[in-house]
Every structure is written in structure tokens, then in C-alpha cells.
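Residue strings, one per chain:
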Amino acid sequence: AVQSSSATSVMLVGLVNSSIMEFAQTVNVMFGANIGTTFTSWILSLDSIEAGGAWFELLKPINFAPLFALAGVVMLMVSKSNKKKSIGTVFIGFSLLMQGMFMMSGAVKPLADSPNFSQLLTKFNNPILGLLIGTIFTAIIQGSAASIGILQALSLTGGITYGMAIPIIMGQNIGTTATALISCIGTNVEAKRVAIGNTLIKVVGTLIWLPLYEILDMIFQFPFASQKITPVTIALVHTIFNVVTTLVLMPFTKYLVKIIENIVKDNKQSERQIKSKPLIDERLLQSPSVAIAECNNVTINMAELARENVYRAMGLFDNFNKEDEHLVLKVEDELDNYEDKMGTFLVKLSSRALSNSDSMVVSKMLHVIGNFERLGDHAVNLLKVAKEIHEKKIGFTPKAEDEIRVLTSAVDEILSITINAYVTNDVELATKVEPLEQVIDGLTAVIRKNHIDRLKHGECTIEMGFILSDLLTNYERVSDHCSNIAVAVIEIVHNSFDTHKYLKGVKYGNSEFNEIYEVFSEKYSL
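So, how was this worked out
- Residue positions within a chain follow its written sequence, with the count starting from 1.
- In keeping with the model being predicted, local features are shown solely for residues with a pLDDT of at least 70 and side-chain atom pairs are shown and tallied solely at 80 or more, while totals for entire chains, interfaces and linings include all residues.
- The side-chain numbers reported here are obtained from all heavy atoms of the structure, hydrogens and water having been left aside.
- Here a strand is any run of E in DSSP of at least two residues, a helix any run of H or I of at least four, and the numbering for each starts at the N terminus.
- As a reference, a globule follows 2.2 Å times the number of residues to the power 0.38, and the radius of gyration itself is taken over C-alpha atoms.
- Relative accessibility decides the category of a residue: with a 1.4 Å probe and only protein chains considered, values under 20% of the type maximum give buried, values over 50% give exposed, and everything between is partly exposed.
- We define a salt bridge as a side-chain nitrogen of Lys or Arg found within 4 Å of a carboxyl oxygen belonging to Asp or Glu.
- We call two residues contacting when some pair of their heavy atoms lies within 4.5 Å.
- One fewer than the residue count of a helix, multiplied by 1.5 Å, yields its expected span.
- Like-charged residues are merged into a patch within 9 Å and nonpolar side chains (Val, Leu, Ile, Met, Phe, Trp, Tyr) within 5 Å, provided each residue has over 30% relative accessible area and no salt bridge.
- Computed with the Shrake-Rupley method and a 1.4 Å probe, the accessible areas treat only the protein chains shown as cover for residues.
- The aromatic pairing rule takes the rings of Phe, Tyr and Trp, using the six-membered ring of Trp, and pairs them if the centres are within 6.5 Å, calling planes under 30 degrees apart stacked, those over 60 edge-to-face and the rest tilted.
- Residue types Ala, Val, Leu, Ile, Met, Phe, Trp, Tyr and Cys, when buried and joined through side-chain atoms within 4.5 Å, form a set referred to as a nonpolar core.
- pLDDT expresses, on a scale from 0 to 100, how confident the predictor is about each individual residue.
- Here an angle of 0 to 180 degrees is reported between the N-to-C directions of two axes, which are lines fitted to C-alpha atoms, with helices fitted over the stretch in contact.
- Roughly parallel means an angle under 35 degrees; roughly antiparallel, over 145; roughly perpendicular, 65 to 115; everything else is oblique.
- Gly is placed with the polar residues, together with every amino acid not listed as nonpolar (Ala, Val, Leu, Ile, Met, Phe, Trp, Tyr, Cys and Pro) or charged (Asp, Glu, Lys and Arg).
- For any pair of crossing helices, the crossing counts as left-handed if the nearer helix is rotated counterclockwise from the farther one by less than a right angle, and right-handed if it is rotated clockwise.

Visitor: Explain the overall build of the protein to me, please; I cannot follow it from the model alone.
Guide: Along the protein, the regular secondary structure elements total 24 helices and zero strands. Rg of the C-alpha trace for the protein: 33 Å, well past the compact-globule value of 24 Å for 526 residues, more than 25% over. With respect to the principal axes defined by its C-alpha atoms, the protein has extents near 110 × 55 × 35 Å. In the protein, buried positions account for 46% of the 526 residues.

Quick look at the structure:
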């Protein structure tokens, strides 16, 4: 469909670098891409077939390519749908590719009468030279489809034989891997293996078939070797090479994977990189729908990290330990990095041609990543409160502990509901967040009032009052951010992110809100 194995290989590098796919999964995709890239050469070869009939003439690219261009321009100018505009762009791109090949074919026709060109072609009788020329030329233009098209155009001069073309075609298949090799620079080990694997498949195929062809040609003196090759037979050779190579190597996929893993060896540092969730690869910007899906996976991972970090910090009040303290701080750094990198990537992604629904999804993610990062900040604040209580060996009164235990349970539940609603995109579940957030606000107000009463009666100290105030403030802020996240989940359905308008609507005169609020009020009463 994209008429380029290079483009597919680069996409695979990006997908593996973002951990959407594993390296072992890409090998069979590469086999398919090598066969798929031969489609363009067959389309181009139609123009060289001589046959009668008006219907057959319509099948020639030179005749139907302008129709594709016209359809593409109309779709771009008239369509309001981004999907139809994208299809129109594909039509225009295809017609331009065809038109470029036709212009090139016309430009090289005079070479048929050039003695210098004929002398140059005699040098291509050397298979090694032909292989190198095909490899280097295709690596420079970074596309076997275009390179094959140029060879087809040159074959119309009548000076290219099968003996010359076969090594060149094999070289062109190797040269097309240069794009993926360049693309893998700066990626993780798995992504580098994709690029090396793509190259290895082409090289092994050439090492099998080129020596075999040359040996058999020396023994049997193939009569077709000196015959003139045509665009149709170039397409046929190109297809046969890739199909037969795939058929031979596919049964040995597991061994290929092992060989490539030995060539591109891992180390302890890269192992840690693979185990941690990598951020988005910018190559995915070329495929917005794939990028959005992976961004969603990353934000879900960010949500889970934020929830677990708050839970971990809350647990330190009962059992303070250095290991969890270190982990809370480490995860907070990860969440900061997530917000920074994800925010930058999502802004770039939002500038692409996206459908309305995709734009809303991107907006939702931009709204929530800041809230996930802030949850991590409050986890650190709760850690500091727990650490102060532990180091000073002080504690709350039994009554205050009971009240805090109720509040902690409410915060625990609002976090669980919020993250589950976001992960599953459950709007009904998300509607339960705001009533519980109001209950938590009420609990913190009552606990503050009760503390002041205990302070007046000398049952509590001012020092514990400061600690309690910090604790209540962070619990309250956690519930506020949960509310923001839930609103983002709900409002995407209404194609709006007017948080204040939504909250005003659900709090005043909403029977469903009141029912849920009453349930939580009873559940978390002091």
C-alpha cells in the first residue's frame, strides 16, 4: 500500500523502539514488506505491454495516473473529512510517482543510440560490479521501488540483459535497507536489531541465489542470460527473488532471531532500558493513529505509576522504611520525565492532520498528564509528612488517627475509581469521582475543626497541628486532581473540556450526583 519496504522498515524501528512490538515479531513483517514492495514494479511494467483494445489501454499507468491525480485534488478541495483528505493525498502521491517514472523513461530513450552508453553497459556483465552498483545507487536514493523503476526505464533502451539485471536487482534489495540502518541511530538495542535483521535477510538471500545462479550459468550456459530484459521481466525477477528468499528463510525465523541477537548484543545498561517503559519514538509522528494509540498506552502507564506512588507514600505512615522512600522519589522523577516528554510529543502530534475524534483524544491526554504528574508531587509531600512523624517519634491522638483512617480510605477509593475510569475509559465510573471529592472536602473541614477543638482542650499540640494541616492539604489536592482527570474522561464524550461548566452542572440540582454523594457520605462518616 505504501509502495516502500524502506518506509515499512522505518515504522518497525519506531514501533520496536517504543515497545509496541518486540523484535522477534517484526521478522515476518519484514518478509511481507519485501514482497509487498515488488507491487510498484508490476504497475510500472504495465506501460510497456503492447496490446490492442481501449480497455487494456486504460490499465496502463500513463492513462489512469492522471485520473488518480484529479480524484486526489477533488478530494482535498471538497472533502471535510480528514480521512478522505488523506486518501486524496495518497492518490496524488501515487500519480506523481507514476508521472516521474514516465518522464524518466522518456529521458533515457535517447541512450539507446549512444555508443558511450553501450560501452558502459558492457562493464555490468561483471556480477560483483552490478551488485555493488545496485546496492550503492539504491542506498543513495533510499528506495528499491524507485530504483527498480529506473532500471525498468533503462531496459527500454534495449541494452540491459538478464545477466546484467539479476545482480543489480539483488543489489537494489540490499541497498534499500540503508534507510532503516540510518533510522536506527540513537534507538534501543531491539530497534537496532530490526534494522540489522532487515539487512541480514537481504544479504543472506543474495548470498544464496547469486552464487547459485552464476555457478549454474557457467555449467548450463543459460540462453536467456544474454537476452534483453524488459520491464515486465524485471518485475518478475524482483518478485521471484523476494518470494523465494522468504520461502527459504521463514522456516528458520527463530534461528535468524538468535543470530541477529548475537550480532547486536545486549548489555546491562540496555537491559535496564528495555525493562523500563520507554517514551514515544518521534518516528511514530509519521503514523498519527499509531502514535495516538501508543500515547494512550504511555499515559495509562503514567496513571498506574502515579496511583501506586500515592499508595506507597500513604503506607509510610504505618510502616516507614528507606526502600519505599527511595522508590517514591525515583517514581516522581519518572513522572516528571513523562510529563515533559509526553507534553512535547503531544503538542507536535496535535499539529498533524488528525480527525476530530483523534484531536479530542490528544486534548484529553494533554489535560491529564499534568494531573498525573501532580499526584506524584503530592506523594512526595506525603512522604515528607510521614518522615517527619517517624524521625520525631511523634503521633496523633487516637481520635485523630481514627479520623485520618477514614479520610485515607476515602482518598484510596477516589484514586482507585479515577485511575480505573481513565484506563477503561468508563464514563459511568468517572461520574462517581466528583461526589466522592465533595465528601473528602467535607471530611477535611470536619477534621480541621475537630483538631482545633482538641487544641483548645489541650488534647493536641500545635506541632501536630502543622503536620495534620500538611496531611489534609495533600489529601485534598489529590482528590482535586482526581476530579480533573474524571472530568476529562467525561467531557470528551461531549466534545468539550469546560471543567467549570461541567462541575457547576453536576453539583447543583443533579439528583444522580446527590444520590452518589449520600452513599459516600454514609460510607465515610466520622
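Alright, that's what it looks like, and here's the rest.
Visitor: Whenever I open this one, the pattern of salt bridges confuses me. Can you help?
Guide: Inspection of the entire model under this criterion finds 13 salt bridges. Residues Lys392 and Glu388 are paired through a salt bridge, measuring 2.9 Å at the closest nitrogen-oxygen approach. One end of the pair is Lys392 and the other is Glu388, both in helix α18 (residues 356-392) and four residues apart, which spans about a single turn. Several salt bridges share partner residues, and in doing so they unite Lys322, Glu325 and Lys387 into one network.

Visitor: Would you mind showing me how to read the side chain of Thr253 here?
Guide: Inspection of the secondary structure puts Thr253 in helix α14 (residues 253-263). Those residues in contact with Thr253, other than ones at most four positions away along the chain, are Val27, Asn28 and Phe31.

Visitor: What should I look at first to understand helix α6 (residues 82-108) in this one?
Guide: Note: α-helices contain 3.6 residues per turn, so residues at a spacing of three or four share the same orientation. Counted at 1.5 Å a residue, the expected span for α6 with its 27 residues is 39 Å, and the 39 Å between its end C-alpha atoms agrees. Along α6, the residues that are buried comprise Gly88, Phe94, Ser95, Met98, Met101, Phe102, Ser105 and Val108. Those residues of α6 that are buried lie in contact with α3 (39-45), α5 (61-78) and α9 (144-155).

Visitor: What should I look at first to understand a nonpolar patch on the surface in this one?
Guide: Taken together, the side chains of Ile128, Leu129, Leu132, Ile133, Ile136, Phe137, Ile140 and Ile141 present a nonpolar region at the surface, about 700 Å² in accessible area. Within the secondary structure, Ile133 is located in helix α8 (residues 127-141).

Visitor: I would appreciate a short explanation of the packing of aromatic side chains in the present structure.
Guide: The geometry of two aromatic rings is summed up by the distance between their centres and the angle between their planes. In total, this model carries ten aromatic pairs according to the counting rule given. Ring geometry for Phe222 against Phe224: centres 5.2 Å apart, planes inclined by 15°, an arrangement best described as stacked. Three or more aromatic residues joined by ring pairs form one cluster here, namely Phe64, Phe68, Phe91 and Phe94.

Visitor: Looking at this model, I keep getting lost on the nonpolar core. Mind explaining?
Guide: Inside soluble globular proteins, nonpolar side chains tend to come together where they are buried. Grouped together as the largest cluster of nonpolar side chains are 94 residues, with contacts concentrated most on Leu349, Phe372, Phe396 and Leu436. Ranked by size, the runner-up nonpolar core spans 20 residues in total, among them Leu131, Ile148, Ile166 and Leu210.

Visitor: I'm lost on the confidence of the model for the protein in this one. Help?
Guide: On average, residues of the protein carry a pLDDT of 86, and 91% of them reach 70 or more. Low confidence marks residues 268-277, where pLDDT is under 50. Its contacts with residues over four positions away, or in another chain, come to nine contacts.

Visitor: How should I be thinking about the environment of Thr424 in this particular structure?
Guide: The residue Thr424 is located in helix α19 (residues 398-424) in this model. A relative accessible area of 52% places Thr424 in the exposed class. For the pair Thr424 and Gln3, spaced 421 residues apart in the sequence, the C-alpha separation amounts to 37 Å.

Visitor: So what exactly am I meant to see when it comes to unusual backbone geometry here?
Guide: A negative phi angle characterises most non-glycine residues, just as the trans form characterises most peptide bonds. Here the phi dihedral of Lys393 falls at roughly 55°; this positive angle occurs in a residue that is not glycine. Relative to the helices and strands, Lys393 resides in the loop between α18 and α19. For Lys393, a relative accessible area of 70% gives the class exposed. Phi at Asn425 is positive, roughly 55°, even though this residue is not glycine.

Visitor: Explain helix α1 (residues 5-17) to me, please; I cannot follow it from the model alone.
Guide: Over its 13 residues, α1 extends 18 Å from the first C-alpha to the last, a length consistent with the 18 Å expected when each residue adds 1.5 Å. Structurally, α1 contributes buried residues whose contacts are with α2 (23-36), α9, α11 (178-183), α12 (189-220) and α16 (288-315). Of the residues trailing α1, Ser19 is marked for its positive phi of about 65°.

Visitor: Just to check I follow, could you spell out the environment of Lys364 for this structure?
Guide: Among the secondary structure elements, Lys364 is positioned in helix α18. Separated by 200 residues in the primary sequence, Lys364 and Met164 have C-alpha atoms spaced 57 Å apart.

Visitor: I tried to follow the packing of α16 against α19 on my own but got confused; where do I start?
Guide: Geometrically, a packed helix pair is captured by the angle between its two axes and the distance between the axes. Contact geometry for α16 and α19: axes closest at 10 Å, N-to-C directions at 170°. As summarised for this structure, α16 and α19 are arranged roughly antiparallel, according to the angle between their axes. Where α16 approaches α19, its residues Asn296, Thr299, Ile300, Ala303, Glu304, Arg307, Val310, Tyr311 and Met314 are matched on the opposing element by Thr408, Val411, Asp412, Leu415, Ser416, Ile419, Asn420, Tyr422 and Val423. For the contact of α16 with α19, the per-class residue count stands at ten nonpolar, five polar and three charged.

Visitor: Help me out: how do you make sense of the packing of α16 against α18 in this one?
Guide: Taken N-terminus to C-terminus, the directions of α16 and α18 make an angle of 20°; their axes are 9 Å apart at the nearest point. One finds that α16 runs roughly parallel with respect to α18. Read as a crossing pair, α16 and α18 show a hand that is left-handed. For the pair α16 and α18, contact is made by Ile292, Cys295, Asn296, Thr299, Met302, Ala303, Ala306, Asn309, Val310, Ala313 and Met314 and by Asp358, Val361, Val362, Met365, Ile369, Phe372, Glu373, Leu375, Gly376, Ala379, Leu382 and Leu383, respectively. Along the lines of polarity and charge, the residues of the contact of α16 with α18 split into 17 nonpolar, four polar and two charged.

Visitor: Is there a simple way to think about the side chain of Asn34 in this case?
Guide: Relative to the helices and strands, Asn34 resides in helix α2. The class of Asn34 is buried, set by a relative accessible area of 3%.

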